[in-house]
Amino acid sequence: MRNKILLENIKKIGNTIVYEYAVEGDWKDYFNLNEQFFISYPFGITGVPDSVLAVPFLSNFLPMIWLFDAEAVLPDLDEDFYNKLENLKKGYMEMYPILEFKGTIKVNNVEQNRPQSSEGSAVFFSAGVDAYTTLYRHIEEKPLLVTIWGADVDIDNEEGWRILERGIKASADDYNFEFITIKSSIKKVIDEPKLTLSDIVRPTNEGWWHGFQHGMAIISHMAPIAYLRGLKHSYISSSNPEYAKGTYTCASDPIIDNHMCFCGCNTIHDGYELDRQQKIHYIVSEKEKHNYPVRLHVCWETETGENCCKCEKCYRTILELVSEGADPNEFNFKWSNENISGMKNLLMNKIRLPKFYVETYYRSSQSVMKSNENRINNISSYRWFLNMDMDKFNEYPMKKLRCSKMWIWCRGISHSLRGKK
């Protein structure tokens, strides 16, 4: 029996979409069919055509359809999105030349959807470095800020989400921008760890969410908003810099994201020409120029909604801020000289990182810190970082046998393996 997925019905219950679908074939084991696939918006969606509501459904499963050579059957689909399917597939083929992307999409009714006006814009906003950069680059557009509960934070973790949401909303309120939360079970309906360890995905050394699912899955949630609000542009922030192309794999990339189009709304993978240190420089500069408040949230190691100031990502961001001569405390980090010994211990004695991290993040920060030595308060406390040999980052004696767990974390599947965050 050929692998097959059939969208049988789209139920509209107030502000919630519920997808009813059937899965056939051997690939069935990679679905969590006991989980309901739903998306809840903070406004009614009963007036949105099924062809638009089908976009998030198909987008969430497209990489599986292609890799498992499956057939997808849908009653309706937005014309703009339908016309970009081959471009999206080519993006994945370019990202993963060692894999075969096949599959077929059958749609009974391809429908053109055009709102009365298309002038607005929206930004996927998490209050991270990438998100703040995109916000500042398009602040004159007064974009709608959108975040998804169910992407990085499990939908069962209500307390953790409410704390985090308050922080993100506070960031939106700082600029008097509208902010909305979408609740979605996009990750629940797929067995991410099983897919990651499957014979198809394992050769890529990628996690399913990070490497294959999250780009299109997240962006597609904007389709009903684009229809109702008349959006012209949807911005998703870049995670990797253009100069590193070919050294990383990621489901969110311009060769994929920029082909996400629906209801006359185009997606822009924003800030690709900047690396993370350059984004920090831009944020610090904009804050100094306009006295903007910045509430960076980069940490996924705590459930309090705060930055723990103890994990690799917190330390990385703090070093980037210090390298620019900025005070981390002004960017939502509780930081003092007493914390530096913990940072030094983790980076020099414990953690091993993929070469991409060392080259793209730490070498860049070190170079900027060396250039800005005279501007940095207490530079002597960071002399150990200035003196680190980045070519031997993973060769420090205490770092033996610690790479495997960190590699899994870096490739984006730790939340599935460790339970909800």
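Everything below is about the structure shown above.
A brief structural summary. It should be emphasised that the depicted structure is a prediction, and the values quoted were computed from it without experimental measurement.

### Some thoughts on the overall build of the protein
And step 1. Helices and strands together make up the secondary structure of the protein, namely 16 helices and 11 strands.
And step 2. Relative to its length of 421 residues, the protein is compact, with a C-alpha radius of gyration of 22 Å against a globular reference of 22 Å.
And step 3. Here the C-alpha coordinates of the protein stretch approximately 65 × 45 × 40 Å along the principal axes.
And step 4. Counting across all 421 residues of the protein, residues that qualify as buried make up 58%.
And step 5. Contacts spanning at least 24 positions in sequence make up 74% of the contacts within the protein whose residues lie at least 6 apart.
And step 6. Of the roughly 17,700 Å² that the protein leaves accessible, carbon and sulfur atoms contribute 45%.

### Re the state of the cysteines
Where two cysteines share a covalent bond between their sulfur atoms, that bond is called a disulfide.
And step 1. Enumeration over the complete set of coordinates arrives at 0 disulfides.
And step 2. No disulfide involves cysteine 261; its sulfur sits 7.2 Å from the nearest other cysteine sulfur, which is in cysteine 265.
And step 3. Here cysteine 263 is not cross-linked by a disulfide; its sulfur's nearest cysteine counterpart is in cysteine 265, at 7.8 Å.
And step 4. Residue class for cysteine 263 comes out buried when judged on its relative accessible area of 0%.

### Overview of the nonpolar core
Side chains of nonpolar character tend, in soluble globular proteins, to be buried together.
And step 1. Counting 76 residues, the largest nonpolar core has Ile5, Trp27, Leu58, Phe61, Met64, Ile225 and Phe262 as its most contacted members.
And step 2. The leading source of residues in this core is helix α1 (residues 50-67), at 12 residues.
And step 3. Residues within four places of isoleucine 5 in sequence aside, it is in contact with Tyr21, Ala22, Val23, Trp27, Phe31, Phe57, Phe61, Ile65, Glu71, Ala72 and Val73.
And step 4. Ranked by size, the runner-up nonpolar core spans 70 residues in total, among them Tyr235, Cys309, Ile351 and Tyr396.

### Here we look at the packing of α1 against helix α3 (residues 85-95)
And step 1. Closest axis-to-axis distance for the α1/α3 pair is 11 Å, and the angle between their directions is 55°. The angle between α1 and α3 places the two elements in the oblique class. Considering the relative orientation of α1 and α3, their crossing is right-handed. Where α1 abuts α3, its residues Leu58, Leu62, Pro63 and Trp66 lie against Leu85, Leu88, Lys89 and Tyr92.

### Some points on the packing of aromatic side chains
And step 1. Throughout the structure, instances matching the rule amount to 31 aromatic pairs.
And step 2. With centroids separated by 5.3 Å and ring planes inclined at 75°, the aromatic side chains of phenylalanine 125 and tyrosine 132 adopt a geometry described as edge-to-face.
And step 3. A centroid spacing of 4.8 Å and a plane angle of 25° characterise the contact between tyrosine 136 and tyrosine 292, whose relative ring orientation is stacked. With tyrosine 136 in helix α4 (residues 129-137) and tyrosine 292 in the loop between α10 (276-290) and α11 (312-323), the pair connects residues that are 156 residues apart, well separated along the chain. Tyrosine 292 shares its class with tyrosine 136; the two are buried.
And step 4. The rings of Tyr19, Tyr21, Trp27, Tyr30, Phe31, Phe37, Phe57, Phe61 and Phe68 are connected pair by pair, giving a single aromatic cluster.
And step 5. The ring centre of tryptophan 209 lies 4.6 Å from the NZ or CZ of lysine 187, which sits over that ring.
And step 6. Stacked on the ring of tyrosine 361, the Lys or Arg arginine 316 has its end atom at 4.3 Å from the ring centre.

### Considering the pairing of strand β2 (residues 16-24)
And step 1. Sheet topology note: the strand β1 (residues 4-13)/β2 ladder contains 9 bridges and is antiparallel. When the sheet's bridge partners are listed, isoleucine 5 is paired in β2 with valine 23.
And step 2. Counting the residues between successive antiparallel strands, the hairpin from β1 to β2 contains 2 residues, one of them, glycine 14, with a positive phi of roughly 65°.
And step 3. Sheet topology note: the β2/strand β3 (residues 37-40) ladder contains 4 bridges and is antiparallel. Following the sheet pairing, isoleucine 17 is matched in β3 by isoleucine 39.

### Quick word on the side chain of arginine 316
And step 1. Relative to the helices and strands, arginine 316 resides in helix α11.
And step 2. Apart from residues lying up to four places away in sequence, arginine 316 is in contact with Arg276, Tyr357, Tyr361 and Tyr362.

### Quick look at the environment of isoleucine 13
And step 1. As for its position among the elements, isoleucine 13 is in strand β1.
And step 2. For the pair isoleucine 13 and glycine 44, spaced 31 residues apart in the sequence, the C-alpha separation amounts to 8.5 Å.

### Some details on the pattern of salt bridges
And step 1. Counting across every chain of the model gives 26 salt bridges.
And step 2. With a shortest N-O distance of 3.5 Å, arginine 2 and aspartate 69 are connected by a salt bridge. Placement of arginine 2 in the segment before β1 and of aspartate 69 in the loop between α1 and β4 (71-78) is noted, with a sequence separation of 67 residues between them.
And step 3. The exposure class of arginine 2 is partly exposed, given its relative accessible area of 40%.
And step 4. Across the pair arginine 137 and glutamate 273 runs a salt bridge, and its minimum N-O distance is 2.9 Å. You can see arginine 137 sitting in helix α4 and its partner glutamate 273 sitting in the loop between β11 (265-270) and α10, a full 136 residues away along the chain.
And step 5. Shared partners join several salt bridges into a network, and the residues in it are Lys4, Glu71 and Lys106.

### Side note on the sheet that holds β1
Two strands in a sheet stick together by hydrogen bonds in their backbones, pointing the same way (parallel) or opposite ways (antiparallel).
And step 1. Taken in spatial order, the 11 strands of this open sheet run β5-β4-β1-β2-β3-β8-β7-β6-β9-β11-β10, and their pairing is mixed. This sheet does not close on itself; its edge strands, each paired only once, are β5 (104-111) and β10 (261-262).
And step 2. Its contacts with the sheet place α4 against β6 (120-124), β7 (144-149), β9 (231-237) and β11, and it is angled at close to 145° to β9.

What counts as what
- Residues numbered from 1 in each chain as written.
- Predicted model: local features only at pLDDT ≥ 70, side-chain atom pairs only at ≥ 80, totals over all residues.
- Heavy atoms only, no water.
- Helix = DSSP H or I, 4+ residues; strand = E, 2+ residues; numbered from the N terminus.
- Rg over C-alpha atoms; globule rule 2.2 N^0.38 Å.
- Buried < 20%, exposed > 50% of the residue type's maximum accessible area, 1.4 Å probe, protein only.
- Contact = heavy atoms within 4.5 Å.
- Areas by Shrake-Rupley, 256 points an atom, 1.4 Å probe, with all protein chains shown as cover.
- Disulfide = S-S within 2.5 Å.
- Core = buried A, V, L, I, M, F, W, Y, C linked by side-chain atoms within 4.5 Å.
- Axes fitted to C-alpha atoms, helices over the stretch in contact; angles between N-to-C directions.
- Parallel < 35°, antiparallel > 145°, perpendicular 65-115°, else oblique.
- Left-handed = near helix turned anticlockwise from the far one by under 90°.
- Phe/Tyr/Trp six-rings, centres within 6.5 Å; stacked < 30°, edge-to-face > 60°.
- Lys NZ or Arg CZ within 6 Å of the ring centre and 35° of its normal.
- Pairing = 2+ DSSP bridges.
- Salt bridge = Lys/Arg side-chain N within 4 Å of Asp/Glu carboxyl O.

Function cannot be inferred from these measures alone, as they are strictly geometric.
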